[in-house]
Amino acid sequence: MATTASAREVVIQCDDRKSKYNMPLAIFSVFVIFLVSVGGFMLPAYFNTKASRSFRFGVTLCTFLSYAVLLTVGFVHILGDAQLFLSNPCLPEGFLNAYPTWATLICVIAIFISILLDFYGHTYLTKLVRIGTKDKESEMVPINGFTQSSDAIVPVPEENGDAELLEDVFEGDIPSEASLDVKRAAVTFIEVSVCTHSVPVGLALGLENAENFVSLFIAIIFHQVLEGLGIGAAVVDAQYPLRNHIMLAGFFGITAPLGIVIGIVLHHSLNQNSSGYLIGLGSINAFAGGLLIYVAFEHMNAFRSKGKWMRSQGWQVQAVCVGAFVLAGALMLVVGKYA
């Protein structure tokens, strides 16, 4: 008898039950979420346009904030959501029993793919820069073991064959011309990963009933502002022109509102407990989480990129940077409970 009641309870939970919906508030949220997302994204760029030393320090501070946000978003928000989707009891029992943690599996696959893409991308960029450098050197006239250019006489580099082209690029030993391209590629990974996650976040808000809408709405506002600050700081660090920063901010700003609009349109017809919905969104979130976690550790580690500068500062500056890192991470962990 208890077994029957339990089975009936699961069936009820997996039914597509409709509830009261606040359409005006849902439409209002589209515009608010867009504005706060773009505003958070553009704030580091605003700091960067100011000549004041305090504003410049604000950009550096955003780098530490960004690192904390990216880590917590990857592990708690994106991967956490994926785990909820892919372990939902409404999924077929065969799927749930086939692998203990589907979200972790897909996340690790994404990290493996990222490692390989990163390695071969580094190698390709290094070769391009080396070839370009050799082409320039070939245009110089050799004079007794030296080459003469319009600026100075410089030694002719010895030929090292492919060894010079195939340095250990995994350790970042690539020319400065290529390192900026690598950093921008990392920012692209971040933008795609976070925006991929933002659509389901908006979708969840668009599908939410009137009773729980306001609390989720407030949580997502903080969620988008902090994520925007994190990615915006990464874009500034990659030295993108302001025009590109605005374009990336617009792309980030539109993704969550797009999800809300989709949720508004589908809230009467979409079954959020269907297998296709749960597996599809869960897999997308898990893959995006893997991309973001890898990029955060490998390319956006503020304590590695700013470590030399930080060690040269006094304890007060170090305390502020560490405080920004810890506070941003703590805020995102708290927000993760609600969004």
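Residues numbered from 1 in each chain as written. Predicted model: local features only at pLDDT ≥ 70, side-chain atom pairs only at ≥ 80, totals over all residues. Heavy atoms only, no water.

A.B. asks: I'm lost on the overall build of the protein in this one. Help?
C.D. replies: When helices and strands are tallied, the protein shows 13 helices and 3 strands. Put simply, of all contacts in the protein between residues at least 6 apart along the chain, 83% involve residues at least 24 apart. Taken as a whole, the protein presents about 18,000 Å² of accessible surface, with 66% of it coming from carbon and sulfur. (Helix = DSSP H or I, 4+ residues; strand = E, 2+ residues; numbered from the N terminus. Contact = heavy atoms within 4.5 Å. Areas by Shrake-Rupley, 256 points an atom, 1.4 Å probe, with all protein chains shown as cover.)

A.B. asks: Looking at this structure, how should I read the packing of helix α2 (residues 23–48) against helix α9 (residues 242–266)?
C.D. replies: When two helices pack together, their arrangement is given by the angle between the helix axes and by the axis-to-axis distance. For the pair α2 and α9, interaxial distance at closest approach is 9 Å and the crossing angle is 160°. By the angle class used here, α2 and α9 are roughly antiparallel. Crossing geometry of α2 relative to α9 is assigned as right-handed. Considered class by class, the residues forming the contact of α2 with α9 number 21 nonpolar, 5 polar and no charged. (Axes fitted to C-alpha atoms, helices over the stretch in contact; angles between N-to-C directions. Parallel < 35°, antiparallel > 145°, perpendicular 65-115°, else oblique. Left-handed = near helix turned anticlockwise from the far one by under 90°. Nonpolar A, V, L, I, M, F, W, Y, C, P; charged D, E, K, R; others polar.)

A.B. asks: Where do I start with the side chain of Q224 in this structure?
C.D. replies: Its place among the elements puts Q224 in helix α8 (residues 210–237). A relative accessible area of 0% places Q224 in the buried class. Here S37 takes part through its side chain, which lies 3.1 Å from a polar atom of the side chain of Q224. Once residues within four sequence positions are removed from consideration, Q224 is found in contact with I33, V36, S37, S198, F252 and A256. (Buried < 20%, exposed > 50% of the residue type's maximum accessible area, 1.4 Å probe, protein only. Polar contact = N/O pair within 3.5 Å; in protein donor to acceptor, adjacent residues only side chain to side chain.)

A.B. asks: Where do I start with the confidence of the model for the protein in this structure?
C.D. replies: Here the protein averages 77 in pLDDT, while 76% of its residues score no lower than 70. Predicted confidence in the protein is weakest over helix α6 (residues 162–165), with a mean pLDDT of 39, and strongest over helix α4 (residues 93–98), with 93. The model gives residues 1–10 a pLDDT under 50, and that stretch makes 0 contacts with residues more than four places away or in other chains. (pLDDT = per-residue confidence, 0-100.)

A.B. asks: Help me out: how do you make sense of α9 in this one?
C.D. replies: Quick reminder: α-helices carry 3.6 residues per turn. Residues three or four places apart thus point the same way. With 25 residues, α9 extends 36 Å between its outermost C-alpha atoms, agreeing within 8% with the 36 Å of an ideal straight helix rising 1.5 Å per residue. All buried positions along α9 are accounted for by H245, L248, A249, F252, G253, T255, A256, P257, G259, I260, G263 and I264. (Expected span 1.5 Å × (residues − 1).)

A.B. asks: Would you explain unusual backbone geometry in this entry?
C.D. replies: As a rule of thumb, non-glycine residues mostly have phi less than zero, and peptide bonds are mostly trans rather than cis. For Q239, which is not a glycine, the phi torsion comes out positive at approximately 60°. Among the structural elements, Q239 can be located in the loop between α8 and α9. With a relative accessible area of 55%, Q239 lands in the exposed category.

A.B. asks: Looking at this model, I keep getting lost on the nonpolar core. Mind explaining?
C.D. replies: Counting 55 residues, the largest nonpolar core has I190 and M300 as the members making the most contacts within it. Mapped by element, the contributors of at least two residues to this core are α3 (53–86), α5 (102–138), α7 (176–207), α8, α9, α10 (275–299) and α13 (315–335). No other element matches the 13 residues that α3 contributes to this core. Among all residues touching M300, those that are not within four sequence positions of it are Y67, L70, K183, A186, V187, I190, A234 and V295. Within the second largest apolar cluster, 14 residues are counted, among which are V30, V201, L216 and A256. (Core = buried A, V, L, I, M, F, W, Y, C linked by side-chain atoms within 4.5 Å.)

A.B. asks: Hey, could you run me through a nonpolar patch on the surface in this one?
C.D. replies: On the surface, F34, L35, F251 and I254 cluster together into a nonpolar patch covering about 380 Å² of accessible area. Counting only elements with at least two residues in the nonpolar patch, the list comes to α2 and α9. Relative to the helices and strands, F34 is located in helix α2. (Patch = residues over 30% accessible without salt bridge, like charges linked within 9 Å, V, L, I, M, F, W, Y side chains within 5 Å. Salt bridge = Lys/Arg side-chain N within 4 Å of Asp/Glu carboxyl O.)

A.B. asks: Explanation requested: the side chain of N285 in the structure shown.
C.D. replies: On the secondary structure map, N285 appears in helix α10. Given the relative accessible area of 1%, N285 is considered buried. Among all residues touching N285, those that are not within four sequence positions of it are I78, D81, A82, F85, H197 and P200.

A.B. asks: Any chance you could explain α2 here in plain terms?
C.D. replies: Compared with an ideal rise of 1.5 Å per residue, which puts 26 residues at 38 Å, α2 spans 39 Å between its outermost C-alpha atoms and is within 8% of the ideal. At M42, α2 shows its largest kink, close to 35°, and the proline P44 lies no more than four residues downstream. For α2, every residue scored as buried is listed here: A26, S29, V30, V32, I33, S37, G40, F41, P44, A45 and F47. Its side-chain oxygen placed 3.2 Å from the backbone nitrogen of L25, N22 serves as the N-cap of α2. (Bend = angle between axes of the 7 residues up to and from the residue.)

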